[in-house]
Amino acid sequence: GGPTRQRPASWPALSRPRHPVIPSSRHRSQMEDYHKPDQQTVQALANIATRLRINSIKATTAAGSGHPTSCSSVAEIMSVLFFNTMKYRPEDPKNIHNDRFVLSKGHAAPILYAVWAETGYLKESELLNLRKVDSILEGHPVPKQQFVDVATGSLGQGLGAACGMAYTGKYFDKASYRVFCLLGDGEMSEGSVWEAMSFASYYQLDNLVAVLDINRLGQSDPTPLQHHTEKYQRRCEAFGWQAVVVDGHSVEELCKVLNQPRHQPLAIIAKTIKGKGISVAEDKLGWHGKPLPREVADGVLKELQSRIVSCSKRLYPAAPCEDAPAVSLRNVRMPSAPSYKLGEKVATRKAYGMALAKLGRYNQHVIALDGDTKNSTFAELFKNEHPDRYVECYIAEQNMVSVAVGCAARDRSVVFASTFATFFTRAYDQLRMAAISESNVNLCGSHCGVSIGEDGPSQMGLEDLAMFRAIPTATVFYPSDAVSTEKAMELAANTKGLCYIRTSRPENSVIYNSSEDFHVGQAKVVNKTNDDHVTVIGAGVTLHEAMAAAEQLKKERINVRVIDPFTIKPLDSKTIIDNAKATRGRIITVEDHYYEGGLGEAVCAAVVNETGFSVHRMAVAQVPRSGKPQELLRLFGIDRDAIAQAVRKVLSTSANNK
């Protein structure tokens, strides 16, 4: 596959003067005033493309799996992007000044690895370890590879993340780095791609380039538009992008379009052949995700090798302009303690907005995103104080999460994104991929549970705890008053991985002093005597109902210990077990969430190995309905009276069992 390419000590910049051109591909005859690459450059780029094909085939054949035909359609695109267009330091892929690249069609990962071997960053021999358990070169891109910012492979998400990076570059960093995203035509059927298209156009992200690999074939069938490139062009133009159709296998056409000045996001619609250069598979169905058998590969590799023409020119990436500001996200702290008074009534959703604005006052790298719910989530309090650091994502929650992940890439921002808790469910795939991306994003879901009242079940987040608890990198905060909400915000800003903060609509009393100390995975005992009969664990509105039930039961000489878990994940098993032992293992959990996957199941998992423990769970058992918050808490059996009744029942059952 050609000589192993060692990285030279210095990387001379290629001089590529840029001259204005007519932007539309419909006027190619008028584009001749552009500065053409010389024939040596053209040949060098063509040779690189051939080597990328060779190495993609070698890697996938060695692995016995992978997508060589999907790699082959983009070989010229990758060659021109990485060796003629992008400015970056190959020895330092995470350099903050580098142009960014997102491989949205993540199954073409082998050609991305081949590119980094071509730069000298990876050893060519390492490509043969593709997909092996002890290699970083996984089947799809992941950030354990230094040259990958966001994990891809679940299609339709790369452009949203690229939008977050481009927005950050243009509006926060005010730097000259650009963002390039390579998409497959199959993923153009994903709605999230068009959410991202809309976002990029609205915010005039002229530092963003999307290259569409129109190779006609999907996994099991041709794509809906096949090679009708003009239809893709019209769609992209309708979304406010400059759209140019090119021959995706012509390095000259690719150089030309990528050297154009831009005043809006650019979509390069590259007409390509799937399996280009692999004669047995070119433009044929049935080859997707299939490596070439070794005997077939040998013949194809010989044929490709013969196409490499001797060329003295070596191409090196141009050095980036060093104008991105240094950013430190360590120790993002609140400037002062919370200022709430005991007994004051404040909704935790409002406390979220107030804490967000306060955190933003103290650190200029805190940013907020919202999906047109800012007057309900109270993110508008941040927007009013820090309008330049607020990003309105409108009603496109999937894209909002992807943009948030892009904004957080390379540690450029402390990101908070908010909407109703229930609307994060539609972005679950983006959340799952954010975890694979090792992203540090903070998400706030307001309006959880039946306690929102009259709006009814479509607006009630009743699955969100289950959803976030299932994500391996997630920390799940469920604050119960304004003080603990503010403390949760500060902790989330300093906690690695995904953080989810669940907030409620009703106003509830402040129960903690402003000096109270909070930690991830540390519960609070909010009601306790020396002779408690039952331990009740509630969170958010149900904690207040549990405290009210404890007051009621005092009159009956029944003492109840009440615990606020603060974080549902990690759960403070020790505090729960130690306190439940004092109440003879009797535990009641009560939550404004469905039974499945919520607080009750978390507590059951925590005490499963304890002998003599019993857990009685109270939760919402069916699809709810509209009504006043207190009516619904009563109707679904999670209010103070239901808790008091459950305590009595647990105690009478215990007495009968003696």
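This one's a predicted model, so the numbers in the text were calculated from it and none came from an experiment.

## With respect to helix H10 (residues 348-362)
1) Next: A rise of 1.5 Å per residue sets the reference length of H10, with its 15 residues, at 21 Å; its end C-alpha atoms lie 21 Å apart and thus fit the reference within 8%.
2) Next: Counted residue by residue, H10 has 11 buried out of 15 residues, so it is predominantly covered.

## As for the packing of aromatic side chains
1) Next: Under the definition given, this model contains 23 aromatic pairs.
2) Next: When the ring of Phe477 is compared with that of Phe566, the centres are 5.7 Å apart and the planes differ by 70 degrees; the resulting orientation is edge-to-face. Of this pair, Phe477 sits in strand S11 (residues 475-477) while Phe566 is found in the loop between strand S16 (560-564) and strand S17 (567-569), placing the two residues 89 residues apart along the sequence. Phe566 carries the same exposure label as Phe477, and that label is buried.
3) Next: Through pairs of rings, three or more aromatic residues link up here, namely Phe82, Tyr88, Phe101, Tyr113, Trp116, Tyr121 and Phe147.
4) Next: Here Arg100 stacks its cationic end above the ring of Tyr177, 3.6 Å away from the centre of that ring.
5) Next: Between Lys524 and the ring centre of Phe518, over which it is positioned, the NZ or CZ distance is 4.8 Å.

## Examining the side chain of Asp464
1) Next: Relative to the elements of secondary structure, Asp464 occurs in helix H15 (residues 464-469).
2) Next: A polar side-chain atom of Asp464 sits 2.6 Å from a polar atom in the side chain of Tyr500.
3) Next: Filtering out sequence-adjacent residues up to four positions away, Asp464 remains in contact with Ala421, Cys448, Tyr500, Arg502 and His593.

## Some thoughts on the packing of H10 against helix H16 (residues 482-493)
1) Next: Their axes nearest at 8 Å, the elements H10 and H16 cross at an angle of 45 degrees. Taken together, the axes of H10 and H16 lie oblique to each other. Judged by the twist between their axes, the crossing of H10 over H16 is right-handed. Two secondary-structure elements touch here, H10 through Thr348, Ala351, Tyr352, Ala355, Leu356, Lys358 and Leu359 and H16 through Ala482, Thr485, Glu486, Met489 and Ala493.
2) Next: Its residues placed into classes, the contact of H10 with H16 shows 8 nonpolar, 2 polar and 2 charged.

## Notes on the sheet that holds strand S15 (residues 534-538)
1) Next: On the basis of which strands lie adjacent, the open sheet formed by 5 strands has the order S14-S16-S15-S18-S19 and mixed pairing. What marks the edges here is a single partner per strand, and that holds for strand S14 (524-527) and strand S19 (614-620). Here the strands of the sheet are splayed against their neighbours by 25 degrees on average, with no regard to which way each runs.
2) Next: Here S14 pairs with S16 via 3 bridges, running antiparallel. Looking across to S16, one finds that Asn527 is bridged to Val562.
3) Next: Together, S14, S15, S16 and strand S18 (586-594) form the strand contacts of helix H18 (residues 573-582), whose direction differs from that of S16 by roughly 175 degrees.
4) Next: The strands that helix H19 (residues 599-607) touches are S15, S18 and S19; relative to S18, the one it contacts most, it runs at about 145 degrees.

## Brief notes about the pattern of salt bridges
1) Next: Within this structure, the stated rule accounts for 27 salt bridges.
2) Next: With a shortest N-O distance of 3.1 Å, Lys313 and Asp38 are connected by a salt bridge. Of this pair, Lys313 sits in the loop between helix H9 (294-305) and strand S6 (345-347) while Asp38 sits in the segment before helix H1 (39-63), and the two are 275 residues apart along the sequence.
3) Next: For Lys313, a relative accessible area of 27% gives the class partly exposed.
4) Next: Exposure remark for Asp38: the relative accessible area of 37% places this residue in the partly exposed category.
5) Next: Across the pair Glu610 and Lys581 runs a salt bridge, and its minimum N-O distance is 4.0 Å. Placement of the pair is Glu610 in the loop between H19 and S19 and Lys581 in helix H18, with a sequence separation of 29 residues.
6) Next: Salt bridges sharing common partners tie together Lys94, Asp149 and Arg410.

## Overview of the nonpolar core
1) Next: In terms of nonpolar packing, the biggest core is built from 82 residues, with Leu159, Leu208, Leu369, Phe468 and Leu498 touching the most fellow members.
2) Next: Sort the elements by how many residues they give to this core and helix H5 (residues 158-172) lands first, with 8 residues.
3) Next: By size, the runner-up hydrophobic cluster in this structure holds 50 residues, among which are Met78, Leu130, Leu137 and Val257.

## Here's the deal with the packing of helix H3 (residues 75-85) against helix H4 (residues 109-118)
1) Next: One way to put it is that H3 packs onto H4 with a least axis distance of 11 Å and a crossing angle of 40 degrees. Taken together, the axes of H3 and H4 are oblique relative to one another. Considering how the two elements wind past one another, H3 and H4 form a crossing that is right-handed. Side by side, H3 and H4 meet where Ala75, Met78, Phe82 and Phe83 of the first sit next to Ile111, Leu112, Val115, Trp116 and Glu118 of the second.

## A short note on the environment of Leu208
1) Next: Within the fold, Leu208 resides in strand S3 (residues 208-214).
2) Next: Judged by its relative accessible area of 0%, Leu208 is buried.
3) Next: Taking the C-alpha atoms as reference, Leu208 lies 6.1 Å from Arg178; in sequence the two are 30 residues apart.
4) Next: Beyond its immediate sequence surroundings of up to four residues, Leu208 is in contact with Leu159, Ala162, Cys163, Ala166, Val179, Ala200, Trp241, Pro265 and Leu266.

## So, the confidence of the model for the protein
1) Next: The share of residues in the protein with pLDDT of 70 or more is 95%, and the mean pLDDT across the chain is 94.
2) Next: By mean pLDDT, the top-scoring element of the protein is S11 (99), and the lowest-scoring one is helix H21 (residues 640-656) (94).

## Side note on unusual backbone geometry
Of all residues except glycine, most have a negative phi; of all peptide bonds, most are trans.
1) Next: Cis geometry marks the peptide bond from Lys569 to Pro570, where omega comes out at -5 degrees.
2) Next: Among the structural elements, Pro570 can be located in the loop between S17 and H18.
3) Next: At Arg557, a position not held by glycine, the phi torsion is positive, near 60 degrees.
4) Next: Tracing the backbone shows Arg557 in the loop between helix H17 (541-554) and S16.
5) Next: We classify Arg557 as exposed; its relative accessible area is 74%.
6) Next: Positive phi values are uncommon outside glycine, yet Arg584 reaches one of about 55 degrees.
7) Next: Here Arg584 is to be found in the loop between H18 and S18.

Parameters and conventions
- Residues numbered from 1 in each chain as written.
- Predicted model: local features only at pLDDT ≥ 70, side-chain atom pairs only at ≥ 80, totals over all residues.
- Heavy atoms only, no water.
- Helix = DSSP H or I, 4+ residues; strand = E, 2+ residues; numbered from the N terminus.
- Expected span 1.5 Å × (residues − 1).
- Buried < 20%, exposed > 50% of the residue type's maximum accessible area, 1.4 Å probe, protein only.
- Phe/Tyr/Trp six-rings, centres within 6.5 Å; stacked < 30°, edge-to-face > 60°.
- Lys NZ or Arg CZ within 6 Å of the ring centre and 35° of its normal.
- Polar contact = N/O pair within 3.5 Å; in protein donor to acceptor, adjacent residues only side chain to side chain.
- Contact = heavy atoms within 4.5 Å.
- Axes fitted to C-alpha atoms, helices over the stretch in contact; angles between N-to-C directions.
- Parallel < 35°, antiparallel > 145°, perpendicular 65-115°, else oblique.
- Left-handed = near helix turned anticlockwise from the far one by under 90°.
- Nonpolar A, V, L, I, M, F, W, Y, C, P; charged D, E, K, R; others polar.
- Pairing = 2+ DSSP bridges.
- Salt bridge = Lys/Arg side-chain N within 4 Å of Asp/Glu carboxyl O.
- Core = buried A, V, L, I, M, F, W, Y, C linked by side-chain atoms within 4.5 Å.
- pLDDT = per-residue confidence, 0-100.

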